[in-house]
Amino acid sequence: MPNKTFFWFFLPTGLAMILFIGLPIISTGIQSFYAQHDQVVKEVKKCDPFGCTVSIVVDNEETTKLREAKPLGKFNGFGTYVDRNHLAIDEIKKFWNETENFGAFVDQVTNLPFYKALIFTLTYCLFVTPNVLLLGFIIALSLNAVARKIRGPLIFGTILPMIVTPLVGSLVLFWMIDSQGIIGANIQNLMNDPYLSLKSSKTLTWITIIIYGIWHHSPFAFVVFYAALQTVPQEPVEAAIIDGASRFQRIKHIVLPHIYPVVTFVALISLMDNFRVFEPIIGFSAEGSAQSLSWLIYDNLVNEEVILFGSAAATSMMTIVGIAILLAPVLIRTWKEFKTAR
Amino acid sequence: MDYGLDKKSTSLKTFNTIFIIVWLLIACFPFIWTFWGSFKVRADFFSRSDWWYAISAFNTLIETGGKFTTDAYTQAWTEGEFWKASKNTIIVTVFVVSISLFLGTLGAYALSRSTERYAFWILIAALIFRAMPHITLVSGYLFPFFQLQIWGILPTTIVVLVAINQPFTLWLLYSFFKTVPKELDESALIDGCSYFQAFRHIIMPVMWPGVITAGLFSLMLAYNDFTVTALLLNQENHTMVPKIQSYLGTNQHEGNLMWAVSAVVSATAPLFMLVMFFQRQVISGLTAGAVKG
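As the structure is a computational prediction, the values presented were derived from the model and not from experiment.

Time to look at the overall build of chain B. In terms of helices and strands, chain B carries 16 helices and zero strands. By the compact-globule yardstick of 19 Å for 293 residues, chain B is too spread out, its C-alpha radius of gyration being 24 Å. Each of the three principal axes of chain B carries a C-alpha extent, and together these read 80 × 70 × 30 Å.

Our focus in this paragraph is the overall build of chain A. When its secondary structure is counted, chain A shows 15 helices and four strands. For a compact globule of 342 residues, the expected C-alpha radius of gyration is about 20 Å, and chain A comes in at 27 Å, more than 25% above that figure. Taken along the three principal axes of its C-alpha coordinates, chain A extends 110 × 75 × 45 Å. Once local pairs closer than 6 in sequence are excluded, the contacts in chain A between residues at least 24 apart make up 68%.

With that out of the way, let us pick up the domain arrangement of chain B. All names here are of chain B. One can read the domain layout of chain B as domain 1 (10–69) and domain 2 (76–292). With centres defined by C-alpha atoms, the gap from domain 1 to domain 2 works out at 33 Å. Every contact between the two is made by nine residues of domain 1 and, on the other side, seven residues of domain 2. Of all the elements in the fold, those that place two or more residues in the side of domain 1 that touches domain 2 are α1 (10–37) and α2 (42–45).

Residues and elements named next belong to chain A. Little of strand β3 (residues 51–58) is tucked away: zero of the eight residues are buried. Two elements, strand β2 (residues 41–48) and β3, share eight bridges in a ladder whose sense is antiparallel. Its bridge partner lying in β3, K42 is registered against V57. Adjacent in sequence and paired antiparallel, β2 and β3 are bridged by two residues.

Moving on, we get to the nonpolar core. In this structure, V224 and F225 of chain A together with V138, L161, I244 and V264 of chain B are the most contacted members of the largest nonpolar core, which totals 159 residues. Tallying contributions element by element places helix α10 (residues 202–229) of chain A first for this core, with 14 residues. Excluding residues that lie within four positions of it along the chain, I244 of chain B makes contacts with L167 and V168 of chain A together with A260, A263, V264 and A267 of chain B.

For interface size, the figure often reported is the accessible area lost on association. With 83 residues of chain A at the contact, the number on the chain B side is 76 residues. In terms of residue count, the dominant contributor to the side of chain A that touches chain B is helix α1 (residues 3–31) of chain A (17 residues). When its residues are assigned to classes, the side of chain A that touches chain B shows 60 nonpolar, 20 polar and three charged.

For the rest of this paragraph, the subject is the packing of helix α6 (residues 82–113) of chain B against helix α9 (residues 154–178) of chain B. Residues and elements named next belong to chain B. Between α6 and α9, the shortest axis-to-axis distance is 6 Å and the interhelical angle comes to 40°. When the axis of α6 is compared with that of α9, the two are oblique. The two elements α6 and α9 meet at a crossing, and its hand is right-handed. Each residue belonging to the contact of α6 with α9 can be placed in one class, and the counts come to 17 nonpolar, ten polar and one charged.

Here we take up helix α12 (residues 247–275) of chain A. Residue and element names in this part refer to chain A. For α12, built from 29 residues, the straight-helix expectation of 42 Å at 1.5 Å per residue is missed by more than 12%, its first-to-last C-alpha distance being only 35 Å. When the local axis directions of α12 are compared, the greatest deviation, roughly 60°, occurs at Y260, which is followed within four positions by the proline P261. Considered for burial, the residues of α12 that qualify are R250, V255, I259, V262, V266, I269, S270, M272, D273, N274 and F275.

Below, the discussion takes up the confidence of the model for chain B. Residues and elements named next belong to chain B. Across chain B, pLDDT averages 85, with 92% of residues at or above 70. When mean pLDDT is compared element by element in chain B, α6 scores highest at 93, while helix α16 (residues 279–292) scores lowest at 67. Our summary of model confidence lists the complex with pTM equal to 0.88 and ipTM equal to 0.87.

Residue and element names in this part refer to chain A. Relative to the elements of secondary structure, D83 occurs in the loop between α3 (79–82) and α4 (89–98). Its 19 C-beta neighbours within 10 Å are what place D83 among the partly exposed residues. Along the backbone, D83 and T334 are 251 residues apart, and their C-alpha atoms lie at a distance of 37 Å.

Our next topic: the packing of helix α6 (residues 113–144) of chain A against α1 of chain B. Where α6 of chain A meets α1 of chain B, the closest approach of the two axes is 10 Å, and the angle between their N-to-C directions is 125°. When the interaxial angle is binned, α6 of chain A and α1 of chain B end up oblique. The chirality of how α6 of chain A crosses α1 of chain B is left-handed. Residues I139, S142 and L143 of chain A of α6 of chain A form the contact with α1 of chain B, whose participating residues are N16, F19, I20 and W23 of chain B. Looking at the contact of α6 of chain A with α1 of chain B residue by residue, the classes come out as five nonpolar, two polar and no charged.

Here is what the cut-offs are and how they apply
- Residues numbered from 1 in each chain as written.
- Chains lettered and ligands numbered in written order.
- Predicted model: local features only at pLDDT ≥ 70, side-chain atom pairs only at ≥ 80, totals over all residues.
- Helix = DSSP H or I, 4+ residues; strand = E, 2+ residues; numbered from the N terminus.
- Rg over C-alpha atoms; globule rule 2.2 N^0.38 Å.
- Contact = placed C-beta atoms within 7 Å.
- Domains from an automatic or database assignment.
- Buried ≥ 20, exposed ≤ 12 C-beta atoms within 10 Å, placed from the backbone.
- Pairing = 2+ DSSP bridges.
- Core = buried A, V, L, I, M, F, W, Y, C linked by C-beta atoms within 7 Å.
- Nonpolar A, V, L, I, M, F, W, Y, C, P; charged D, E, K, R; others polar.
- Axes fitted to C-alpha atoms, helices over the stretch in contact; angles between N-to-C directions.
- Parallel < 35°, antiparallel > 145°, perpendicular 65-115°, else oblique.
- Left-handed = near helix turned anticlockwise from the far one by under 90°.
- Expected span 1.5 Å × (residues − 1).
- Bend = angle between axes of the 7 residues up to and from the residue.
- pLDDT = per-residue confidence, 0-100.

This is the structure in structure tokens:
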């Protein structure tokens, strides 16, 4: 296809992506260097028969004027990145000098909002992704073994958790697990502890959100693995059966190597999706004990008094860096393959 | 895998059946339970005293005189203005699907027919764009949108959702276009068609399965989106998913949980029916990138 024709065909979609994905990333980058204005203060001299006092009050008029003149805020450089709500460099230095042992230091650091969110996000990725791969693979194997006729409805039932939006999916589970729901109430009875509830314990909340993540993402892994299993050649499997290979050996030495590229694909996609975990935190109303990077950004953006554009943008930029680190191995591999292919 | 040689032992078969039944219960029961509960009153579905009330409908009988009640639905749809939210969802979904298919087919066709180096890099760039968390993009939109005073209205959200959706649509349609033989449009070009005519009259007619799959995924994205719609639309223009969240209530005001339950069922039912109808397309779409590529 000539370059000119390509240009006209690709222009609309390219323009849409540049304007609404490329530019916003740049806009986020610029915003992250600004912070909202401080309030303008003025000195007011009040005199009464007993003498004069000077007090400092907020000048609302001037503040509004300043905000209107420079809506982006004041230039802050990397100030937002290193403040207490983000990388918290000063606090970490202080903790390092003040705390006695390493454990206490880690405790202090993981209580800082950014690190808290980072640790939750990474824990979520670390537990959900492998379990999704495993469960998806097992479901695919076992559905593959049932009669073809009844597979349709079974597949439909299996993919339900995936097609609902995460907010709805987590709500549906939350209403059952909540202390007034069917599962929560029964667990209370079983444990004989009427105060046992999801919200009461941080660990329980984390486990619930991770289980939700596995429940929500496994169907995707299942669908891809199921389709890949259909392409496994018959001859090597039959040869292995004749040679007396056990079922487990067949899966390990023939099926898995065959679907290996698909496994990396699923791992990559679900890692990317898990890294942006956000809606389940709202669905489970778990803001108190579990915060993710995406949730931090959301929280800044729905701030009641003044939207913290700078703070949200700084967290966004660091999230993008995180995504880049996750994607780097894949991109490097693609680049190498591309080079050798030419 | 129906291996003629593969003899499965009975115990393995039983184990397999049990596993599938357990998994299906885990996957489907929450939805069935929510559907069942949406016809009860709050005191039953969120019972403080006894969870069995949700089944025996103890309070529902007292409050409404029947074992099932549709009060939650009628209230949510009228008082809760869920009708407005679903109207907005329909507008957003229809426009997002049609625009993103229009842009996506043109772009993906060009990508699949180009032998230049930049086509590869565009696909890689699209993959990186696909990985961006939506909330980071939203934090980039808010400020300029406020300044341009285009925040809160449906058209802005539609354009944003189309753009966010493009990388995935491009990849999906690209892999479908790759399966259409090049000779088909080349012969049309020799006969004197322009590229656009070849695309319009030769390629599109054989591309319907791919277009339907891509359309379904655009639809699911637009229909299910929370991040973009919750932050870029004002209260008046909220679509279904942010509306459901607003029923949950906040620390300041108490929400109406039963409205949320019935709204969840109302929003999920059409989606389930659609997927039931188009199951084959959904699965082919999910696997297109993985297995064929």
